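Observations on the model geometry
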Amino acid sequence: MDAPVLECPSCGGAGFRLADYDSMIVITADYALFTLSCSNCGARVSTVRSIPDELHDEVRYAAIEVGAGMGQIG
Ligand SMILES: [Zn+2]
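The present account deals with the structure reproduced in this document. (Residues numbered from 1 in each chain as written. Predicted model: local features only at pLDDT ≥ 70, side-chain atom pairs only at ≥ 80, totals over all residues.)

**Topic: the pairing of strand 5 (residues 44-50)**
This is how the line gets drawn: To sort residues by burial, count the other C-beta atoms lying within 10 Å of each one's C-beta; a count of 20 or more means buried, 12 or fewer means exposed, and anything in between means partly exposed. C-beta atoms are built from the backbone. Runs of E in the DSSP output that reach at least two residues are strands. Runs of H or I that reach at least four are helices, and both are numbered from the N terminus. Strand pairing is assigned whenever DSSP detects at least two bridges linking the two strands.
Sparse coverage of strand 5 is indicated by the burial of zero of its seven residues. Sheet topology places strand 4 (residues 31-37) next to strand 5; seven bridges connect them, and they run antiparallel. The residue bridging Thr35 from the neighbouring strand is Ser46, located in strand 5. Taken together, strand 4 and the strand that follows it, strand 5, pair antiparallel across an intervening segment of six residues, in which Gly42 is found at a positive phi of about 85°.

**Focus: the sheet that holds strand 4**
So the rule is basically this: Under this scheme, a helix contributes an axis fitted over its contacting stretch, all axes are lines through C-alpha atoms, and angles between N-to-C directions fall in the 0 to 180 degree range.
With antiparallel pairing, three strands are arranged side by side in an open sheet as 3-4-5. In the strand order of this sheet, the two ends are held by strand 3 (23-26) and strand 5, each with one partner. Sheet twist, expressed as the average angle between the axes of neighbouring strands with direction ignored, equals 20°. Note that strand 3 and strand 4 share four bridges and pair antiparallel. Within strand 4, the position partnered with Val26 by the bridge is Ala32.

Below you can see the structure in the form of C-alpha coordinates.
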(Lines give C-alpha, C1' and ligand atoms only; values in the text may rest on other atoms or scores of the structure.)
Protein backbone atom coordinates (compact mmCIF):
# COMPACT_ATOMS: atom_id res chain seq x y z
CA MET A 1 0.00 0.00 0.00
CA ASP A 2 1.31 3.42 -0.90
CA ALA A 3 1.77 6.00 1.79
CA PRO A 4 -1.07 8.48 2.03
CA VAL A 5 -0.57 11.71 0.16
CA LEU A 6 -2.22 14.88 1.37
CA GLU A 7 -3.48 17.75 -0.70
CA CYS A 8 -1.89 21.09 0.02
CA PRO A 9 -4.48 23.61 1.23
CA SER A 10 -2.32 26.42 -0.10
CA CYS A 11 -1.53 25.38 -3.67
CA GLY A 12 -3.86 22.39 -4.09
CA GLY A 13 -1.05 20.11 -5.13
CA ALA A 14 -0.48 16.69 -3.63
CA GLY A 15 2.64 17.99 -2.00
CA PHE A 16 2.70 16.02 1.21
CA ARG A 17 3.77 12.54 2.05
CA LEU A 18 3.41 11.60 5.69
CA ALA A 19 6.68 9.72 5.54
CA ASP A 20 8.41 13.01 4.72
CA TYR A 21 7.16 14.76 7.82
CA ASP A 22 9.14 17.57 9.41
CA SER A 23 7.96 16.55 12.84
CA MET A 24 5.57 14.01 14.26
CA ILE A 25 3.94 14.10 17.68
CA VAL A 26 2.48 10.77 18.63
CA ILE A 27 -0.97 11.16 20.16
CA THR A 28 -2.05 7.56 20.45
CA ALA A 29 -0.66 4.28 19.17
CA ASP A 30 -2.43 4.92 15.87
CA TYR A 31 -2.59 8.69 15.48
CA ALA A 32 -0.03 11.45 15.34
CA LEU A 33 0.13 15.16 14.67
CA PHE A 34 2.27 15.59 11.57
CA THR A 35 3.91 18.82 10.52
CA LEU A 36 4.79 18.80 6.84
CA SER A 37 6.24 21.13 4.23
CA CYS A 38 4.68 21.19 0.78
CA SER A 39 7.19 20.08 -1.83
CA ASN A 40 5.37 22.33 -4.29
CA CYS A 41 4.96 25.71 -2.58
CA GLY A 42 6.69 25.25 0.76
CA ALA A 43 3.61 25.84 2.89
CA ARG A 44 3.76 24.27 6.34
CA VAL A 45 0.76 22.29 7.47
CA SER A 46 -0.06 20.43 10.66
CA THR A 47 -2.55 17.61 10.50
CA VAL A 48 -3.65 14.71 12.65
CA ARG A 49 -3.51 11.48 10.71
CA SER A 50 -3.41 7.80 11.36
CA ILE A 51 0.19 6.65 11.36
CA PRO A 52 1.16 4.89 8.12
CA ASP A 53 2.42 1.34 8.45
CA GLU A 54 5.80 2.38 7.14
CA LEU A 55 6.25 4.72 10.09
CA HIS A 56 5.16 2.37 12.82
CA ASP A 57 8.67 1.22 13.56
CA GLU A 58 9.85 4.82 13.94
CA VAL A 59 6.86 5.58 16.10
CA ARG A 60 7.61 2.68 18.35
CA TYR A 61 11.12 3.95 18.94
CA ALA A 62 9.92 7.51 19.45
CA ALA A 63 7.30 6.37 21.90
CA ILE A 64 9.91 4.50 23.89
CA GLU A 65 12.20 7.53 23.94
CA VAL A 66 9.55 9.97 25.09
CA GLY A 67 7.54 7.45 27.08
CA ALA A 68 8.85 8.54 30.44
CA GLY A 69 7.73 12.11 29.90
CA MET A 70 4.38 11.44 28.29
CA GLY A 71 2.70 9.39 30.98
CA GLN A 72 0.75 6.29 30.21
CA ILE A 73 -1.93 6.36 27.54
CA GLY A 74 -4.54 3.66 27.96
ZN1 LIG B 1 1.58 23.62 -1.64
